[in-house]
Amino acid sequence: MVASTDRQRGSLGIPSAVLGMVLFLATEVMFFAGLVSAFLVVKARWIGAWPPPGQPRLPVEVTAVNTVVLLASGVILWLAAHDRAGQQTLAAVRRRSLIAALLGATFVTVQGFEWTRLLAYGLTMRSGPYGSFFYLIVGTHAAHAVAAVVALLWAVARLGSQKISADGFRAVRLFWYFVVGVWPILYVLVYLM
Amino acid sequence: MAHAQQQSFWSRYVFSTDHKIIGLQYLFTGMFMGLVGSFLAYVFRMQLAFPGEPVPLFGVVTPLHYNALVTNHGAIMIFWVAMPILIAGLGNYLIPLMIGCDDMVFPRLNRLSYQIFFLSTVVILVSLFVPGGGFGGAWTAYPPLSASAQYNHTPWGAPLWLIAVALEFVAFLLGGINFVTTVMNARAPGMGPMQIPIFVWMVVIASIVFMASVGPLVAGAIMLLFDQLLGTHFYDPKAGGDPILWQHLFWFFGHPEVYVVLLPALGIVAEVITVFSRKKLFAYKTILYTAFATGIISFFVWAHHQFVAGIDPRMAHLFTITTLIISVPIAEMTFAFIATLYGGSIELRTPMLWALAFIAEFLVGGVTGIFLGANATDIYLHDSYFVVAHFHYTFFPIAIIAGFAALTYWFPKMFGRHMNETLGKIHFWGTIIPFNFIFLPLFVLGAAGEHRRIYSYEHFSQLFTPGLQNLRVLATVALVVMLLFQFVFLYNFIRSLFAGEKAEENPWKANTLEWLAPSPPPHGNFAEMPTVYRGPYEYSVPGRPLDYWPQHLPN
């Protein structure tokens, strides 16, 4: 993402890598809004109890703990990047970013483990709108989380060899914050409501 | 440029990151797909005029063929012709030149965008030849017809069609990010927001509208793909799904999409009419603000496509009101264009003819849209040929007329040569006159109640009205005539590429920055990066010896 020539920041004063990521995330927000609104429409038209009787219950408690893990990764990444005293070395930035990536990977692993249990209990994509929307929405988020882990590990590696610009690293962090920030909303909508 | 000369053909023209090469790749792919889309239209129009007869170059059209032809004609003309030519092709080629920089901000992302688009083109073309044939559920792909091979009989065609459309969206998403970021961050020094040419603004607004509207459709498309391939029931009412849900997700994108392609077309017209009437663009700021207003209102009109889908009548009233409101900013822009022409020194060169034709023909499309936007009249006209005629009077001016205006106007810049003016005018009249003879009869057919999805009246003899067949034949003959005249353009285009009269840097005496660069512009565009001193439309300024005042000249 390092631009080929020296680019001015323009009247907005936002670096290109960050502005590009913000535009991408705006599209992502609308994408998730589409999924969530589809879910809410189908749920609102559902006749009878929701979740439907006879379907497995979602692991609310385990996922609550997992939510905290993901939120912690966001906080640690934020701390890695915002050092008020200016004492932080590059090695420390990389170490904290790596911890954030590992917490993200933990989140995805626990999610995957819970999925295998739910599948064993008979909740599949074909077992009705309840299962379909659960795997669709949570699965889409998981795919984003995997992409965010890969992107952050890539950025950590590039930080070591100084091959990523400060703006490029900021863009990767913005993506991470998006993945962390959208999850509590999905958790409340899918697991609790 | 010695370095550029040494590059191989592959790295220079196929895997280039130069915005001009990528723009031309999009442009040529779009033109090729335009030929494909036209051929599909030719085949199904022949079937409608002469039902059951073998169509030359195709053969007998079966009902499944017919559905696939109509569906892919619509999808290709919008997603593989209008979008790549108007936005990706011209946007890529012109934005860096018009804002005075050397390339897009993300050149490699740009190359990836075209590669994904190329892949989507291959997938949509392959989907026409797989077992079962191409997808036939209309470009709107309403479930349950689109969701199950049991209904649409295209187990391969339907998913491939959906994948092609999704890939195309990814390509334009990457392109849109690039356009907006480049215009925000890479403008020439001195180019403030009000000095940006209207065409560039229009591509930026269109890209923002596209990016904001495409997310829900991608979500819906994933759900539809899962219904097709994994056997989920998102849109299946038997299992608790909701088929109307798709219509909302589709039209939430589908209607803004109309303005995504309309706005760049309006931008092209603005550039052309100012140059060929030697006048300042009337009400630059009004045009800009109404374009923003159009973009915003376009998000609140989508359900006017669903008046007969069983939506709440109170909601239908609301959407009628928003739909009628959106004609206000568009009418305002049209008035601004007419005011620009008023009192100008009008020179009827080929690009100007196309631009004037755009205003005239689009007006017909806009006015007939009022009847379809109002729920009371739409209930009668819904799914009739009146709808088909209406949206062709909008999309044909947008994609084809404005596309030709842009091609003939920027051809000297792109290829360093002029197109032949006489052939250009023959092609213009040979396209515009038959165009009206295709679609005016369809208004009459639609008003008479003819349904747009009927393949042959053999199965619906009680609906067959004998007097109307002449109108169908008239429309088909006019289409064939119009398509034959396109060979004049192809001949002119290809001949001019190699043997056209050499063009200088600024043959039209225009103000915008692209005309400062050599024709064709080399890698890096400008010998010396320009600085901007004024707006793009300072024509016939009193007290100046020349009737134009380029943006880069110091005071």
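Our structure's up above, just so we're on the same page.
Residues numbered from 1 in each chain as written. Chains lettered and ligands numbered in written order. Predicted model: local features only at pLDDT ≥ 70, side-chain atom pairs only at ≥ 80, totals over all residues. Heavy atoms only, no water.

A few points about the overall build of chain B
Next up, step 1: When helices and strands are counted, chain B shows 16 helices and zero strands.
Next up, step 2: Its C-alpha atoms give chain B a radius of gyration of 23 Å, near enough to 24 Å, the size a compact globule of 555 residues would have.
Next up, step 3: With respect to the three principal axes, the spread of C-alpha positions in chain B is 70 × 50 × 45 Å.
Next up, step 4: A burial count over chain B gives 63% of its 555 residues as buried.
Next up, step 5: For chain B, the accessible area works out to roughly 20600 Å², and carbon and sulfur atoms hold 71% of it.
Next up, step 6: Computing the positive centroid from 24 side-chain charges and the negative centroid from 26, chain B places the two 7 Å apart. (Helix = DSSP H or I, 4+ residues; strand = E, 2+ residues; numbered from the N terminus. Rg over C-alpha atoms; globule rule 2.2 N^0.38 Å. Buried < 20%, exposed > 50% of the residue type's maximum accessible area, 1.4 Å probe, protein only. Areas by Shrake-Rupley, 256 points an atom, 1.4 Å probe, with all protein chains shown as cover. Lys, Arg positive; Asp, Glu negative; His and termini not counted. Charge placed at Lys NZ, Arg CZ, Asp CG, Glu CD.)

Topic: the interface of chain A and chain B
Next up, step 1: Contacts between chain A and chain B engage 34 residues on the former and 39 residues on the latter.
Next up, step 2: Interface area for chain A against chain B, summed over the two sides, is near 2900 Å², with a carbon-plus-sulfur share of 67%.
Next up, step 3: Counting across the interface, chain A meets chain B through one salt bridge.
Next up, step 4: Counting across the chain A and chain B interface gives four residue pairs in polar contact (both at pLDDT 80 or more).
Next up, step 5: Looking at the side of chain A that touches chain B, the elements that each hand over two or more residues are helix H1 (16-44) and helix H4 (129-160) of chain A.
Next up, step 6: Among the elements that take part in the side of chain A that touches chain B, H1 of chain A stands out by supplying 14 residues, more than any other.
Next up, step 7: The class makeup of the residues in the side of chain A that touches chain B is 20 nonpolar, 10 polar and four charged. (Contact = heavy atoms within 4.5 Å. Buried area = accessible area lost by both parts, 1.4 Å probe. Salt bridge = Lys/Arg side-chain N within 4 Å of Asp/Glu carboxyl O. Polar contact = N/O pair within 3.5 Å; in protein donor to acceptor, adjacent residues only side chain to side chain. Nonpolar A, V, L, I, M, F, W, Y, C, P; charged D, E, K, R; others polar.)

Brief notes about the environment of Ile326 of chain B
Residues and elements named next belong to chain B.
Next up, step 1: Tracing the backbone through its elements, the reader meets Ile326 in helix H11 (residues 313-341).
Next up, step 2: For Ile326, a relative accessible area of 3% corresponds to the buried category.
Next up, step 3: Remark: the alpha-carbon pair of Ile326 and Glu504, spanning 178 residues in sequence, is separated by 42 Å.
Next up, step 4: In contact with Ile326, other than residues within four places in its own chain, are Tyr259, Thr294, Ile297 and Ser298.

Considerations on helix H4 (residues 63-99) of chain B
Residue and element names in this part refer to chain B.
Next up, step 1: In this model H4 runs 50 Å from its N-terminal to its C-terminal C-alpha over 37 residues, within 8% of the 54 Å that 1.5 Å per residue would give.
Next up, step 2: When the local axis directions of H4 are compared, the greatest deviation, roughly 55°, occurs at Pro84.
Next up, step 3: With respect to burial, H4 is a largely interior element, 32 of its 37 residues being buried.
Next up, step 4: Downstream of H4 by one or two residues, Gly100 has phi in the positive range, about 75°. (Expected span 1.5 Å × (residues − 1). Bend = angle between axes of the 7 residues up to and from the residue.)

Looking at the packing of H1 of chain A against helix H7 (residues 157-185) of chain B
Next up, step 1: H7 of chain B packs onto H1 of chain A with a crossing angle of 135° between their chain directions and a minimal axis gap of 9 Å. Between H1 of chain A and H7 of chain B, the interaxial angle falls into the category oblique. When the axes of H1 of chain A and H7 of chain B are compared, the crossing they make is right-handed. In this structure, H1 of chain A uses Ser16, Leu19, Gly20, Leu23, Phe24 and Thr27 of chain A to contact H7 of chain B, whose residues at the interface are Leu173, Ile177, Val180, Thr181, Met184 and Asn185 of chain B. (Axes fitted to C-alpha atoms, helices over the stretch in contact; angles between N-to-C directions. Parallel < 35°, antiparallel > 145°, perpendicular 65-115°, else oblique. Left-handed = near helix turned anticlockwise from the far one by under 90°.)

Side note on the packing of H4 of chain B against helix H8 (residues 198-229) of chain B
Residues and elements named next belong to chain B.
Next up, step 1: Running from N to C, H4 and H8 cross one another at 130°; their axes reach a closest spacing of 10 Å. By the angle class used here, H4 and H8 are oblique. Remark: the crossing between H4 and H8 carries left-handed chirality. Of the residues in H8, those touching H4 at Met83, Leu86, Ile87, Leu90, Gly91, Leu94, Ile95, Met98 and Ile99 are Phe199, Val200, Val203, Ala206 and Phe210.
Next up, step 2: The class makeup of the residues in the contact of H4 with H8 is 13 nonpolar, one polar and no charged.

Section: the side chain of Asn436 of chain B
All names here are of chain B.
Next up, step 1: The topology assignment puts Asn436 in helix H15 (residues 421-447).
Next up, step 2: We classify Asn436 as buried; its relative accessible area is 19%.
Next up, step 3: Within the structure, Asn436 has its side chain in polar contact with the side chain of Tyr393 (distance 2.7 Å).
Next up, step 4: Not counting residues up to four positions away in its chain, the partners in contact with Asn436 are Glu361, Tyr393 and Pro441.

All we've got here are geometric facts, nothing functional implied.
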